[in-house]
Amino acid sequence: MVFDAIEQLEAKINRLIEQHEKAKREKDSIEQKLQQKESEWHHLKGQIRQYERERVELREKLDKIIGQFAGLDVSE
């Protein structure tokens, strides 16, 4: 009877250890995915800043070109 109780306790402990190891693997996997997403986010944030700078440069160039056209005398 005591031997059965010890075997049941051992089985429960083994199941708890397996559950803990599974949870740890899932946590590690989720942390890795989070790091990948954060890396992607930083990359995309850098791209957005670059696109915003390019947009400003293009706007300045277009304003300059429009200003040149506005200065032309086309009354002929």
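As for the overall build of the protein chain
So, step 1. The helix and strand tally for the protein chain stands at 1 helix and 0 strands.
So, step 2. Against the 2.2 N^0.38 benchmark of 11 Å for 76 residues, the protein chain shows a C-alpha radius of gyration of 33 Å, more extended than a compact globule.
So, step 3. Counting every position in the protein chain, which comprises 76 residues, the buried fraction comes to 0%.
So, step 4. In the structure as shown, the protein chain presents an accessible area of about 7800 Å², 57% of it carried by carbon and sulfur atoms.
So, step 5. Averaging the coordinates of the 15 positive side-chain charges in the protein chain and doing the same for the 17 negative ones gives two points 1 Å apart.

Describing the pattern of salt bridges
So, step 1. Scanning all chains against the criterion turns up 2 salt bridges.
So, step 2. The salt bridge partner of Glu 31 is Lys 27, with a shortest N-O separation of 3.1 Å. One end of the pair, Glu 31, and the other, Lys 27, are both in helix 1 (residues 2-70), 4 residues apart, so they sit about a helical turn from each other.
So, step 3. The salt bridge partner of Glu 40 is Lys 37, with a shortest N-O separation of 3.8 Å. Of the two residues, Glu 40 and Lys 37 both sit in helix 1, 3 residues apart, roughly one turn of that helix.
So, step 4. By relative accessible area, which is 41% here, Glu 40 ends up partly exposed.

Quick word on a negative patch on the surface
So, step 1. Taken together, the side chains of Glu 54, Glu 57, Glu 60 and Asp 63 define an acidic patch exposed on the protein surface.
So, step 2. Along the polypeptide, Glu 60 turns up in helix 1.
So, step 3. Residue classification places Glu 60 among the exposed residues on the basis of a relative accessible area of 52%.

Here is what the cut-offs are and how they apply
Residues numbered from 1 in each chain as written. Predicted model: local features only at pLDDT ≥ 70, side-chain atom pairs only at ≥ 80, totals over all residues. Heavy atoms only, no water. Helix = DSSP H or I, 4+ residues; strand = E, 2+ residues; numbered from the N terminus. Rg over C-alpha atoms; globule rule 2.2 N^0.38 Å. Buried < 20%, exposed > 50% of the residue type's maximum accessible area, 1.4 Å probe, protein only. Areas by Shrake-Rupley, 256 points an atom, 1.4 Å probe, with all protein chains shown as cover. Lys, Arg positive; Asp, Glu negative; His and termini not counted. Charge placed at Lys NZ, Arg CZ, Asp CG, Glu CD. Salt bridge = Lys/Arg side-chain N within 4 Å of Asp/Glu carboxyl O. Patch = residues over 30% accessible without salt bridge, like charges linked within 9 Å, V, L, I, M, F, W, Y side chains within 5 Å.

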